[in-house]
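# Observations on chain architecture
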Amino acid sequence: MAQGGAQLDPLKFSCSICLDPLKDPVTVPCGHSYCSNCIKRHWDEEQNKGIYSCPLCGDKSRRRPDLKKSVVLAELVEDLKKTGLQAAAADLCSAGPEDVACDVCSGRKRKAVKSCLVCVASYCEEHLQGHYEAAPLKKHQLVKPSKKLQETVCSLHDEVKKIFCRTDQQCICYLCTMEQHRGHETVPAAAERRQKQKELEGSRLNIQLRIQEREKDMKLLQHQMEAISVSADEAVEHSEESFTQMIRLLQKRSLEVKEQLRSQQQTAVGGLKELEEKLQQEIAELKRKDVQLEQLAHTEDHTQFLHSYTSVSALSEPTHSSSIQTAPLRYFEDVAAAVSESRDKLQDILGETEEELQLLEVLQLLQLHPESRADFLEYSQQITLDSNSAYRMLKLSDGDRKVTYTNAVQPHSDHPDRFTGCFQVLSRESLTGRSYWEVERRGGGVYVAVTYKNISRAGSYNECVFGHNYKSWALYCDSKSFNFWHSNIRTPLSGPQSSRVGVYLDHRAGILSFYSVSKTMALLHRVQTTFTQPLHAGVWLYGGGTSVELLKPE
């Protein structure tokens, strides 16, 4: 039996709880076997839950199951111990590089099965027994083996961190409350954990709800994409069939027109050929008469001349030639004109089809346009300002998110990107996709703009000021009015006054929208165009103390 057992897998004779060879093995109702003490402790821990489960298969019971000693398995384990299998199993229980080692074992360290937060130490199954047997140790908090136990100990006082400082948002020991954290708001770490646990559960619930909403949105999008694909396939199939039919009709009509033209050509030419033959015969007869008359003119005999003159000079009736046209030949121009007119009509129809396709594309883009503030927040972006582009009297602060007009020259170094003729600054980020940001204005009037980066940094007003050239689009706002500027054209706008403006950009779709933002969002102006380069956000401001802050809405 020992010889045969030497070939068996040691794991099959190990307890899945302590990972050691089975000691006093017992079998639970589902058929799995464990050390008697291990399964009892496991069920002791589950007693408060009112459910007893198998650690391996999860089989549950509300009544604590009876344990049956496995006599055969116990004898087999004893026999295997004699073969050296116990040593092999012990090797399996030794701590590896990725395992937490027992802090008590000397020599070869065994795997820890629990870590104690009170002792700040980890224990293997053997050295953990004291925590199950000694009354004082039973109160210690045991957790899964952890390599980060030292993080629970204060490095200054070598005490366990059981206090949470809400002022500094960190765990501390009780001695820290009397020194570095004196006067701070502190609570037991367990109490803070309970509060944070509730917040965590709320966050998880919120996340799960958002996941459900997004999954619902995903399904709607998938249905929409499927509907678009089906509709497009049907439209392609129908258009191909229609165009094929049109091509066939055009080819058939072309053949019919060709045949009709050739038939009319043959009829017309046939009649003219008959006239041509008569004319040829008349010309031949006239030439013969001319020869006869010439000969008669040279006859010396007067009697012969007079006798022959009457018969020779008599001419036949001339051929009727009134059907011969001397005007420009325009026999079939009306047909050609009719065909050209049909071609123009077809081009108009195809042009209408192309316009409908373009309109459909625009409508699809508008359908994807955000509607609620929550929709816009999905594209919110933190915009920062580029100090290398700022006019010399503009001061940047708050992490380059705020700009203020001052009456003093700022210590900006020379840079080719710097505006020298207008009170402007560009964003550091280039914008090529979908973006949404908000601008908070204080003081005088400002331009809130987007622009190509190659806008002039100096020169005339129309060359470098936002909105006064074709390279930029700008919303001017002050405490009384809104105006939109592009290519030096001003468009007065109406809308609720607010110190905050929202900007939405869909670069690919060519959509730029400005909103007045307070408790609600009100659309001020929307641009539909084609952007040919990446864009940058920009602001223009004037008047001492005027400031603009670029916000990432949340």
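In this text the structure is predicted, and so the values were computed from the model without any measurement. (Residues numbered from 1 in each chain as written. Predicted model: local features only at pLDDT ≥ 70, side-chain atom pairs only at ≥ 80, totals over all residues. Heavy atoms only, no water.)

### With respect to the packing of helix H7 (residues 189-297) against helix H8 (residues 302-313)
Spelled out, the test is: Helix axes are fitted to C-alpha atoms over the stretch in contact, other axes to C-alpha atoms as well, and angles between N-to-C directions run from 0 to 180 degrees. Each helix corresponds to a stretch of at least 4 residues labelled H or I by DSSP, and each strand to a stretch of at least 2 residues labelled E; elements are numbered beginning at the N terminus. If an angle is under 35 degrees, it is roughly parallel; if it is over 145, roughly antiparallel; if it lies from 65 to 115, roughly perpendicular; otherwise it is oblique. Crossing handedness is defined as follows: a turn of the near helix away from the far one that is anticlockwise and smaller than a right angle gives a left-handed crossing, while the clockwise case is right-handed. A contact between two residues is defined here by any heavy atoms of the two lying within 4.5 Å. Residue polarity follows a fixed list, in which Ala, Val, Leu, Ile, Met, Phe, Trp, Tyr, Cys and Pro are nonpolar, Asp, Glu, Lys and Arg are charged, and the others, Gly among them, are polar.
Closest axis-to-axis distance for the H7/H8 pair is 10 Å, and the angle between their directions is 165 degrees. Comparing the axis directions of H7 and H8 gives the class roughly antiparallel. Viewed along their axes, H7 and H8 form a crossing whose handedness is left-handed. The residues of H8 that touch H7, namely those facing Lys-289, Gln-292, Leu-293 and Leu-296, are Phe-305, Ser-308, Tyr-309, Ser-311, Val-312 and Ser-313. Looking at the contact of H7 with H8 residue by residue, the class counts come to five nonpolar, four polar and one charged.

### Details of the confidence of the model for the protein
Basically, it comes down to this: One number per residue, pLDDT, summarises how confident the predictor is, and it ranges from 0 to 100.
With 89% of its residues at a pLDDT of 70 or more, the protein shows a mean pLDDT of 84. The low-confidence segment residues 1-6 (pLDDT under 50) makes four contacts with residues lying over four places distant or belonging to another chain.

### As for the UniProt feature "coiled-coil region" (unreviewed entry) in the protein
Keep this limit in mind: UniProt positions are given in the numbering used here, feature names are shortened, and annotations may be inferred rather than shown by experiment.
UniProt records the feature "coiled-coil region" (unreviewed entry) for residues 258-296 in the present numbering. As a span, residues 258-296 carries 100% helix and 0% strand, and end to end its C-alpha atoms are 56 Å apart.

### Observations regarding the pattern of salt bridges
Keep this limit in mind: A pairing counts as a salt bridge when a side-chain nitrogen of Lys or Arg comes within 4 Å of a carboxyl oxygen of Asp or Glu. Think of it in three bands: with a 1.4 Å probe and only protein chains considered, a residue is buried below 20% of the maximum accessible area for its type, exposed above 50%, and partly exposed in between.
One pass over the structure, following the stated rule, counts 16 salt bridges. The salt bridge involving Arg-434 is made with Asp-506; its shortest N-O contact spans 3.0 Å. With Arg-434 in strand S15 (residues 434-442) and Asp-506 in strand S20 (residues 500-506), this pair connects stretches of sequence that are 72 residues apart. Residue Arg-434 is classed as partly exposed on the basis of its relative accessible area of 28%. Sharing partners across several salt bridges, the network here consists of Arg-166, Glu-185, Glu-192 and Lys-196.

### Structural notes on the pairing of S20
Applied cut-off: For two strands to be treated as a pair, DSSP must find no fewer than two bridges joining them.
Counted residue by residue, S20 has six buried out of seven residues, so it is predominantly covered. Note that S15 and S20 share seven bridges and pair antiparallel. Counterpart to Tyr-436 in the pairing with S20 is Tyr-504. Summarising the sheet, S20 and strand S21 (residues 511-517) pair through seven bridges and their orientation is antiparallel. Looking at the pairing, Arg-500 lines up with Val-517 of S21. Joining the antiparallel neighbours S20 and S21 is a turn of four residues, in which Gly-510 adopts a positive phi near 70 degrees.

### Here's the deal with H8
Inclusion rule: A helix is expected to span 1.5 Å multiplied by its residue count minus one. Throughout this description, a polar contact denotes any pair of N or O atoms lying within 3.5 Å of each other; where both atoms belong to protein, one of them has to be capable of donating a hydrogen while the other can accept it, and for residues adjacent in sequence the pair is counted only when both atoms sit in side chains.
If you check H8, its first and last C-alpha atoms are 16 Å apart, about what 12 residues at 1.5 Å a residue would give, namely 16 Å. One side-chain oxygen of the residue at the start of H8 lies 3.0 Å from the amide nitrogen of Thr-303, identifying that residue as Asp-301.

### Observations regarding the nonpolar core
Note the cut-off: Take the buried Ala, Val, Leu, Ile, Met, Phe, Trp, Tyr and Cys residues and link them wherever side-chain atoms come within 4.5 Å; each set so joined is a nonpolar core.
Counting residues in hydrophobic clusters, the biggest one holds 49 residues, and the most contacted among them are Val-403, Trp-437, Trp-473 and Leu-512. Broken down by element, the residue count for this core peaks at six residues, all from strand S16 (residues 446-452).

### Some details on the packing of aromatic side chains
Stated formally: Aromatic contacts are taken between Phe, Tyr and Trp rings whose centres are within 6.5 Å, Trp giving its six-membered ring; a plane angle under 30 degrees counts as stacked, one over 60 as edge-to-face, and the others as tilted.
Tallied over the full model, the rule gives 18 aromatic pairs. Measuring from ring centre to ring centre gives 5.3 Å for Phe-376 and Tyr-504, while their planes differ by 80 degrees; the resulting arrangement is edge-to-face. Of this pair, Phe-376 sits in helix H10 (residues 373-377) while Tyr-504 sits in strand S20, placing them 128 residues apart in sequence. Judged on exposure class, the residue Phe-376 and its partner Tyr-504 are both buried.

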